[in-house]
Amino acid sequence: GFFTFTLIHRGLASFDAEGKVVNALAESIDTIDQQTFTVTLRDGLKFSDGSPLTAENVKSSLLHWANPDVASHAYAGLKDIDTIQVADERTLTVRLKQVNASFIEYLADPAAAIVPDVAIQDADASAEIGAGPFVLAGWDKGISMTFEKNPNYYDAGNVHLERLDGTLY
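The rules behind the values
Residues numbered from 1 in each chain as written. Predicted model: local features only at pLDDT ≥ 70, side-chain atom pairs only at ≥ 80, totals over all residues. Heavy atoms only, no water. Helix = DSSP H or I, 4+ residues; strand = E, 2+ residues; numbered from the N terminus. Buried < 20%, exposed > 50% of the residue type's maximum accessible area, 1.4 Å probe, protein only. Contact = heavy atoms within 4.5 Å. Salt bridge = Lys/Arg side-chain N within 4 Å of Asp/Glu carboxyl O. Arc of directions from axis to C-beta.

Peer 1: Whenever I open this one, the side chain of Asn100 confuses me. Can you help?
Peer 2: Of note, Asn100 is situated in the loop between strand 6 (91-96) and helix 4 (103-107). With a relative accessible area of 12%, Asn100 lands in the buried category. With residues near it in sequence (within four places) discarded, Asn100 still touches Gln34, Gly77, Asp80 and Tyr106.

Written out as structure tokens, the structure is:
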């Protein structure tokens, strides 16, 4: 379900314990004007499989979730995206079609997670590769799931659980 998704995946921003928007995969999100945002990614980001997470992945993911045909939970918040220009591996600029005062909050929606390009291009690709704090280590369908700490997570030092075991009901 959705909770599982948030363990495995992460977006540019996230919500802290008080519900405030904080940077996640993004080192910074700068508002250039009311319709233009420059995102700088943290240095050395990797997906859980060790592959690099780049500005091109961010562009692909955001445009995917902004596509009405995908029927993503993030669509309402991302549908205003007009263009995304990638400057380099860590920097991109998002331009909106119209002002959306809540755009950065929408980037913190767990449904706006950044995923590997293969997960977008191939319907059969595993949704288990992400940039979140845990990886799916075991899954007995309909019975239980086991998660282990993702050593490639950008904030792995603050993940204090090595393993999560859950029984599904």
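Peer 1: Even after reading the chapter, I still don't get the environment of Leu92, so can you show me in this structure?
Peer 2: Considering the arrangement of structural elements, one finds Leu92 in strand 6. Separated by 38 residues in sequence, Leu92 and Thr54 place their C-alpha atoms 9.7 Å apart. If near-sequence neighbours (up to four positions away) are discounted, Leu92 is found in contact with Phe37, Thr38, Val39, Ala55, Val58, Ile84, Gln85, Val86 and Ala87.

Peer 1: Would you mind going over the pattern of salt bridges with me for this structure?
Peer 2: Side chains that carry opposite charge are capable of pairing whenever their charged atoms lie near each other. According to the stated counting rule, one finds six salt bridges in the structure shown. Residues Arg95 and Asp33 are paired through a salt bridge, measuring 3.3 Å at the closest nitrogen-oxygen approach. On the criterion of sequence distance, the pair formed by Arg95 in strand 6 and Asp33 in strand 3 (residues 26-33) is long-range, its members being 62 residues apart. Overall, the relative accessible area of 36% leaves Asp33 in the partly exposed class. Residues joined by salt bridges that share partners form a network here, namely Glu148, Arg163 and Asp165.

Peer 1: How should I be thinking about helix 2 (residues 55-65) in this particular structure?
Peer 2: Residues lying three or four places apart along an α-helix face the same way, a consequence of the helix completing one turn every 3.6 residues. Of all the residues in helix 2, the buried ones are Ala55, Asn57, Val58, Ser61, Leu62 and Trp65. One side of helix 2 carries all its buried residues, which in axial view fall inside an arc of 150 degrees. Packing partners of the buried residues in helix 2 comprise strand 4 (36-41), helix 3 (75-78), strand 5 (81-88), strand 6, helix 4 and helix 5 (117-121).

Peer 1: Any chance you could explain the side chain of Thr40 here in plain terms?
Peer 2: Locating Thr40 in the fold gives a position in strand 4. Take Thr40: its relative accessible area is 18%, and that puts it in the buried class. Look past the residues within four positions of Thr40 in its chain and what remains in contact with it is Ala26, Glu27, Ser28, Arg90 and Thr91.

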